[in-house]
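These are the residues of each chain, in order.
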Amino acid sequence: MEFAEILPYFSEKRFIAELQATTKQGALEELADKFVDSDLIRNRDILIEMLQRRESVGSTGIGHGIAIPHGRTTATAELTVAFGKTSAGIDWNSIDKEPVKLIFLIVAPPSEEKNKYLPMLGTLVEFLSQEKNRERLLNTQTFEEFKQILTD
Amino acid sequence: MIKNQIELLVALQDLDIMLQELDEVMKLGFDMQQEGKEKLEGGRNELIEKINKPLVGLYERLRARYKRAIVPVIDDTCSGCFMKLPTYLITLAQRDQEVITCEGCGRILYWI
């Protein structure tokens, strides 16, 4: 999957340039609310339960200030992503113990016709493994800028 | 907080999917505690204890047959067999409180 192919799963409605949350739980809730606000999920509790369970088996903080909480839930019909940034950083119990500043919350339905969830997750990990991409994302303020970084 | 039987069933299916895909996700570079799988299995047992036994039986039978026992209802259609549902017969309150199955395929329906 090309980097630009992951762009359609993002939306300005699920883009937060500066998260209010200061904790992992708070950030998960703030991002989960974006799915509820954009009518992708009706029951926020089910989503939160799934995300907490996922974190309980291993942190989704992959290092370099990145966290990618993710999972499939029966409570949604579409593969979608929410993005949030925090300049202060949040303790995510990451692999490298560094605070997290860029958070991508990926939510997928229980099954998909085109089975894009895992390839998309892999592509995002690869994209974020490049330092220049991380640096640019840290400085992004608008969804337009964000889109440009993914398509460059 | 998750409280009713249909929500618990949905949480159970979400957990089962997580268990199935855990190895593939870890291959992408995510960390997992050594006891990760056991933790999930323990959580699964706790969830099952909260769900009525006949419902757990129905869930397991459907899962064995279809892989996914519970399917979202999208545009009044069962996303398992794509049968249009007579949703006018089902009130909003029922959707959240009762376990309703598809008349076509028998899968448990979840309104998103």
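Fair warning: this is a prediction, and the values are worked out from it, not measured in the lab. (Residues numbered from 1 in each chain as written. Chains lettered and ligands numbered in written order. Predicted model: local features only at pLDDT ≥ 70, side-chain atom pairs only at ≥ 80, totals over all residues.)

1. Thoughts on the nonpolar core
Here is step 1 of the chain: Core analysis: the largest hydrophobic core is formed by 61 residues, its most contacted members being Leu 47 of chain A together with Tyr 110 of chain B.
Here is step 2 of the chain: Per element, the largest residue contribution to this core is ten residues, and it comes from helix 1 (residues 5-27) of chain B. (Core = buried A, V, L, I, M, F, W, Y, C linked by C-beta atoms within 7 Å. Buried ≥ 20, exposed ≤ 12 C-beta atoms within 10 Å, placed from the backbone. Helix = DSSP H or I, 4+ residues; strand = E, 2+ residues; numbered from the N terminus.)

2. Some words on the interface of chain A and chain B
Accessible area lost when the parts come together is the quantity often used to give the size of an interface.
Here is step 1 of the chain: Chain A puts 30 residues into the contact, and the matching count from chain B is 28 residues.
Here is step 2 of the chain: Elements that contribute at least two residues to the side of chain A that touches chain B include exactly helix 2 (44-56), strand 4 (70-72) and helix 3 (117-128) of chain A.
Here is step 3 of the chain: Ranked by residue count, the leading element in the side of chain A that touches chain B is helix 2 of chain A, at seven residues.
Here is step 4 of the chain: In terms of residue class, the side of chain A that touches chain B is built from 13 nonpolar, eleven polar and six charged. (Contact = placed C-beta atoms within 7 Å. Nonpolar A, V, L, I, M, F, W, Y, C, P; charged D, E, K, R; others polar.)

3. Remarks on the sheet that holds strand 2 (residues 77-78) of chain B
Strand pairing in a sheet relies on backbone hydrogen bonds. The paired strands run either parallel or antiparallel.
Residues and elements named next belong to chain B.
Here is step 1 of the chain: What the three strands build is an open sheet, ordered 2-1-3; its pairing is mixed. Edge positions in the sheet fall to strand 2 and strand 3 (108-111), since each has one partner strand and no second.
Here is step 2 of the chain: Where strand 1 (residues 70-74) lies against strand 3, four bridges are found, and the strand directions are parallel. Bridge pairing in strand 3 links Val 73 to Trp 111. (Pairing = 2+ DSSP bridges.)

4. Remarks on helix 1 of chain B
Residue and element names in this part refer to chain B.
Here is step 1 of the chain: Given a rise of 1.5 Å per residue, 23 residues ought to cover 33 Å, and the 34 Å separating the end C-alpha atoms of helix 1 matches this to within 8%.
Here is step 2 of the chain: Of all the bends found along helix 1, the most pronounced is centred on Glu 21 and spans about 55°.
Here is step 3 of the chain: Count one or two residues on from helix 1 and you reach Gly 29, which has phi positive near 115°. (Expected span 1.5 Å × (residues − 1). Bend = angle between axes of the 7 residues up to and from the residue.)

5. What about the pairing of strand 5 (residues 80-90) of chain A?
Residues and elements named next belong to chain A.
Here is step 1 of the chain: The element strand 5 is extensively covered by neighbouring structure, given that eight of its eleven residues are classed as buried.
Here is step 2 of the chain: Sheet topology note: the strand 1 (residues 15-16)/strand 5 ladder contains two bridges and is parallel. When the bridges of strand 5 are listed, Phe 15 appears paired with Phe 83.
Here is step 3 of the chain: Where strand 5 and strand 6 (residues 100-108) come together, seven bridges link them in antiparallel fashion.

6. Quick notes on helix 2 of chain A
Here is step 1 of the chain: The terminal C-alpha atoms of helix 2 of chain A, which comprises 13 residues, lie 18 Å apart, in line with the 18 Å expected from a rise of 1.5 Å per residue.
Here is step 2 of the chain: Its buried side turned inward, helix 2 of chain A meets helix 1 (24-37), strand 4 and strand 6 of chain A together with helix 1 of chain B.

7. Structural notes on the confidence of the model for chain B
Here is step 1 of the chain: Scored by pLDDT, chain B comes out at a mean of 89, with 94% of its residues at no less than 70.
Here is step 2 of the chain: Listed scores for the predicted complex are pTM 0.93 and ipTM 0.89. (pLDDT = per-residue confidence, 0-100.)

8. Observations regarding the packing of helix 1 of chain B against helix 2 (residues 36-50) of chain B
All names here are of chain B.
Here is step 1 of the chain: At a minimum axis distance of 10 Å, the contact between helix 1 and helix 2 shows a crossing angle of 160°. One element, helix 1, and the other, helix 2, form an angle in the roughly antiparallel class. Here the hand of the crossing between helix 1 and helix 2 comes out left-handed. Contact residues: Leu 8, Ala 11, Leu 12, Leu 15, Met 18, Leu 19 and Leu 22 in helix 1; Gly 36, Lys 37, Leu 40, Gly 43, Arg 44, Leu 47, Ile 48 and Lys 50 in helix 2. (Axes fitted to C-alpha atoms, helices over the stretch in contact; angles between N-to-C directions. Parallel < 35°, antiparallel > 145°, perpendicular 65-115°, else oblique. Left-handed = near helix turned anticlockwise from the far one by under 90°.)

9. Re the environment of Ile 6 of chain A
Residues and elements named next belong to chain A.
Here is step 1 of the chain: Considering the arrangement of structural elements, one finds Ile 6 in the segment before strand 1.
Here is step 2 of the chain: On the basis of neighbour count, Ile 6 is assigned to the buried category, with 20 C-beta atoms found within 10 Å.
Here is step 3 of the chain: Once residues lying within four places of it in the same chain are set aside, the contact partners of Ile 6 are Met 1, Met 120, Thr 123, Leu 124 and Leu 150.

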